[in-house]
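# Secondary and tertiary structure notes
One letter stands for each residue in the lines below.
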Amino acid sequence: MLPPRIRVEAGNSDARYSPEPSLETEMRRIVESIYGPPVRRLPGLDVGRAYWGATKEFRYGGDMVDVFQYGSGHTSLAVVDISGHGIRAARHAALAKYALRAYASRGLDALASIRALNRLCIENSTFENEYEFFATAFFAILDARRQTMQYVSAGHEAAYVITPVGPRMLGATGPIVGLMDDDDAFSQETVQLDRGDIFAAVTDGFTEARDAGQIFLGPEPLVDIIEQHRAFEAEQQAEAVTRYARDYAGERLQDDIAALVVKIDAKTAA
Amino acid sequence: MSAALYSCGNRLLDALPAVDLSSLEADLTIIDLKAHQSTHSVGGAIKHVDFPIDAVLSVVATLKSGDTIEVGTVGSESFVESDAVLNSALSSRTAFCQVDGRVGRMSIERFEERMATSVAFARFMRQNLRATLFSAQQFTVCNLKHPALQRCARFLAMTADRVGRPQFALSHEFLAIMLGLQPAGVSEAADALEKMGAISYHRSVVTIVDRGILERAACECYRACRDSFAASLILGA
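Residues numbered from 1 in each chain as written. Chains lettered and ligands numbered in written order. Predicted model: local features only at pLDDT ≥ 70, side-chain atom pairs only at ≥ 80, totals over all residues.

Helices and strands together make up the secondary structure of chain B, namely nine helices and 10 strands. For 237 residues, the compact-globule formula gives about 18 Å, and the C-alpha radius of gyration of chain B, at 18 Å, lands near that figure. A buried classification covers 44% of the 237 residues belonging to chain B. When contacts within chain B are restricted to residue pairs at least 6 apart in sequence, long-range pairs at least 24 apart make up 74% of them. (Helix = DSSP H or I, 4+ residues; strand = E, 2+ residues; numbered from the N terminus. Rg over C-alpha atoms; globule rule 2.2 N^0.38 Å. Buried ≥ 20, exposed ≤ 12 C-beta atoms within 10 Å, placed from the backbone. Contact = placed C-beta atoms within 7 Å.)

Here we take up the overall build of chain A. For chain A, the helix and strand inventory stands at six helices and 13 strands. Sorting the 270 residues of chain A into buried and exposed places 45% on the buried side. Taking the contacts inside chain A whose residues are at least 6 apart along the sequence as the reference set, 66% of them involve residues at least 24 apart.

Moving on: the sheet that holds strand β6 (residues 94-99) of chain B. All names here are of chain B. Within the open sheet, the four strands sit side by side as β2-β6-β4-β5. Their pairing is antiparallel. The open sheet is flanked by β2 (38-40) and β5 (68-74), the only strands paired with a single partner. Neighbour-to-neighbour, the strand axes of this sheet turn through a mean angle of 35°, independent of strand direction. Here strand β4 (residues 56-62) runs beside β5; their pairing, made up of six bridges, is antiparallel. The residue bridging Thr62 from the neighbouring strand is Thr68, located in β5. (Pairing = 2+ DSSP bridges. Axes fitted to C-alpha atoms, helices over the stretch in contact; angles between N-to-C directions.)

Of the residues lining the interface, 21 residues belong to chain B; the matching set on chain A comes to 24 residues. Sorting the residues of the side of chain B that touches chain A by element identifies β6 and α6 (172-179) of chain B as the ones contributing at least two each. Among the elements that make up the side of chain B that touches chain A, the one with the highest residue count is α6 of chain B (three residues). A class-by-class count of the residues in the side of chain B that touches chain A yields five nonpolar, 12 polar and four charged. (Nonpolar A, V, L, I, M, F, W, Y, C, P; charged D, E, K, R; others polar.)

On to helix α5 (residues 148-163) of chain B. Residue and element names in this part refer to chain B. With 16 residues, α5 extends 22 Å between its outermost C-alpha atoms, agreeing within 8% with the 22 Å of an ideal straight helix rising 1.5 Å per residue. Burial within α5 is extensive, with 14 of its 16 residues counted as buried. After α5 finishes, the residue Gly164 shows a positive phi value of roughly 75°. (Expected span 1.5 Å × (residues − 1).)

Residues and elements named next belong to chain B. Examined at the domain level, chain B breaks down into domain 1 (11-142) and domain 2 (147-218). Between domain 1 and domain 2, the C-alpha centre-to-centre distance is 24 Å. Of the residues lining the interface, 12 residues belong to domain 1; the matching set on domain 2 comes to 12 residues. Secondary structure elements with two or more residues in the side of domain 1 that touches domain 2: β4 and β5. Ranked by residue count, the leading element in the side of domain 1 that touches domain 2 is β5, at four residues. Of the residues that constitute the side of domain 1 that touches domain 2, the class distribution is four nonpolar, six polar and two charged. (Domains from an automatic or database assignment.)

We now examine the nonpolar core. Core analysis: the largest hydrophobic core is formed by 146 residues, its most contacted members being Ile114, Phe139 and Ala259 of chain A together with Cys152 and Ala153 of chain B. The element best represented in this core is α5 of chain B, accounting for 10 residues. Shared between two domains, this core takes at least three residues from each, and those domains are domain 1 (11-142) and domain 2 (147-218) of chain B. Apart from residues lying up to four places away in sequence, Cys152 of chain B is in contact with Leu175, Leu179, Val186, Ala189, Ala190 and Leu193 of chain B. (Core = buried A, V, L, I, M, F, W, Y, C linked by C-beta atoms within 7 Å.)

This brings us to the sheet that holds strand β7 (residues 135-143) of chain A. Residues and elements named next belong to chain A. Taken together, five strands build an open sheet; the order of strands is β5-β6-β7-β8-β11 and the sheet is antiparallel. One side of each edge strand has no neighbouring strand; the edge strands of this open sheet are β5 (63-70) and β11 (189-192). Ignoring strand direction, the axes of neighbouring strands in this sheet form an average angle of 15°. Pairing of β7 with strand β8 (residues 148-154) involves seven bridges; the strand directions are antiparallel. Paired with Ile141 across the strands is Gln150, a residue of β8.

Let us now look at helix α4 (residues 119-145) of chain B. Over its 27 residues, α4 of chain B runs 39 Å from end to end, which matches the ideal 39 Å to within 8%, given 1.5 Å per residue. If you check which residues of α4 of chain B are buried, you get Phe121, Phe124, Met125, Gln127, Asn128, Ala131, Thr132, Ser135, Phe139 and Cys142 of chain B.

What follows is about the pairing of β8 of chain A. All names here are of chain A. Burial analysis of β8 places six of its seven residues in the buried class, which makes it a mostly covered element. Where β7 hands over to β8, the hairpin turn is made up of four residues, of which Gln147 adopts a positive phi near 55°. The pairing of β8 with β11 spans four bridges and is antiparallel. Across the sheet, residue Tyr151 finds its bridge partner in β11, namely Glu189.

Cis peptide bonds are those with omega within 30 degrees of zero, and the linkage from Val80 of chain B to Glu81 of chain B qualifies with 15°. Mapped onto the fold, Glu81 of chain B is located in the loop between β5 and β6.

In structure tokens form, the structure reads like this:
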């Protein structure tokens with residue numbers, strides 16, 4: 001086996017030393033892969049994500065947004081706000097992201113997936129004897145054929161389906177994840193989706209942004225922002241959402257903000 | 001020579017008269033609980049009553065927003081679910097284990113039987129329920145009026161009393177959720193308590209370094225609730 005610092009290029013028998021990225025750069029790449037590259041367009045969906053870090057220095061926050069398409073016509077949406085910051089939060093974000101993907105692609109519904117994640121959080125912290133892992137989580141499974149969205153909101157505020165006739169708030173259906181091993185504490189809801197509907201969710205960095213008078217922004221402006229940008233692509237809408245909170249709070253912004261916008265594509269939805 | 005009286009380690013049960021204690025062992029199953037393990041679910045049928053020995057249980061209220069706040073901490077001075085004293089068939093709150101340890105579990109049938117047939121048992125349980133109600137009311141005032149530092153000190157002193165040892169696992173995040181505070185506020189309070197010499201905090205393990213300093217840092221609610229439960233362990237109090 002070759003030592004890891006030597007790379008053999010095709011067609012050239014010379015072993016060459018290549019510039020090795022620094023450990024910090026490599027670590028940064030690994031962690032950024034957890035948060036994932038932008039996903040602009042999936043069959044039937046226009047997906048936009050935006051993230052704004054509250055601090056100027058590079059720091060991994062606890063906000064994780066994931067969109068995962070699997071099986072025949074299913075898409076899972078996850079908006080997770082994990083307690084804490086730094087590498088610990090990044091590890092927990094990775095655990096939540098891939099655990100939820102695994103549960104969903106295995107055929108578990110949204111409720112069973114969140115129950116399983118809740119159990120995993122508790123068991124993992126106990127087994128590894130490490131810091132506890134708490135998170136608010138909005139987890140949904142879109143079924144393109146039935147045009148439904150099944151969701152569980154584990155203490156996660158501020159998620160909406162915005163239809164041409166008005167918004168529907170998708171309220172919490174259970175407590176935060178990782179607190180208590182009680183399956184009965186969680187339940188799920190199902191909403192019908194039509195072409196032209198828009199799903200939007202944010203983390204609490206948005207709702208808890210405060211102006212100079214210490215007034216919380218709250219969840220309500222999310223709907224207005226989306227409506228005002230209805231003609232734009234989902235990514236532009238998501239960016240408008242985080243920009244609004246930054247403008248509202250200015251230098252007082254204390255928490256990271258993540259936004260997810262999914263437009264049920266009027267042209268291509270099944 | 002008289003036989004030694006049964007003692008399970010729950011101070012409420014251990015305070016019962018000899019006639020009640022003599023038959024108590026057959027009604028209790030000792031259960032090991034792990035942190036976060038659920039014991040009662042809101043709206044669920046009450047199937048058993050748990051008398052903590054060295055476990056600490058949290059009774060919590062979950063709002064429609066999903067926010068979950070502790071409304072009661074229960075240790076060896078009391079029991080869960082207190083609704084059982086009121087003949088309620090359903091739990092009005094969720095309870096789960098906060099600190100690993102043992103509870104003595106009694107089936108609801110045996111609990112109700114004892115409530116109906118033992119005047120002393122029923123009286124002790126009602127006295128204890130009164131202390132629980134007093135504490136809940138005291139916490140309402142506490143949460144409105146007392147700063148994070150005092151509330152954290154109160155919580156840590158009460159938890160130490162209940163586990164019966166000066167060291168226990170408790171993360172900042174958990175404490176913040178239970179007290180309805182921001183994690184940063186809890187971290188500041190914990191740092192201040194460390195600087196005062198009351199506690200040390202390392203990798204989510206709290207050690208009570210100086211009990212006196214911690215009690216002085218706690219608000220008056222600590223002593224008020226402690227005294228209320230202590231009184232409930234004396235028959236006729």
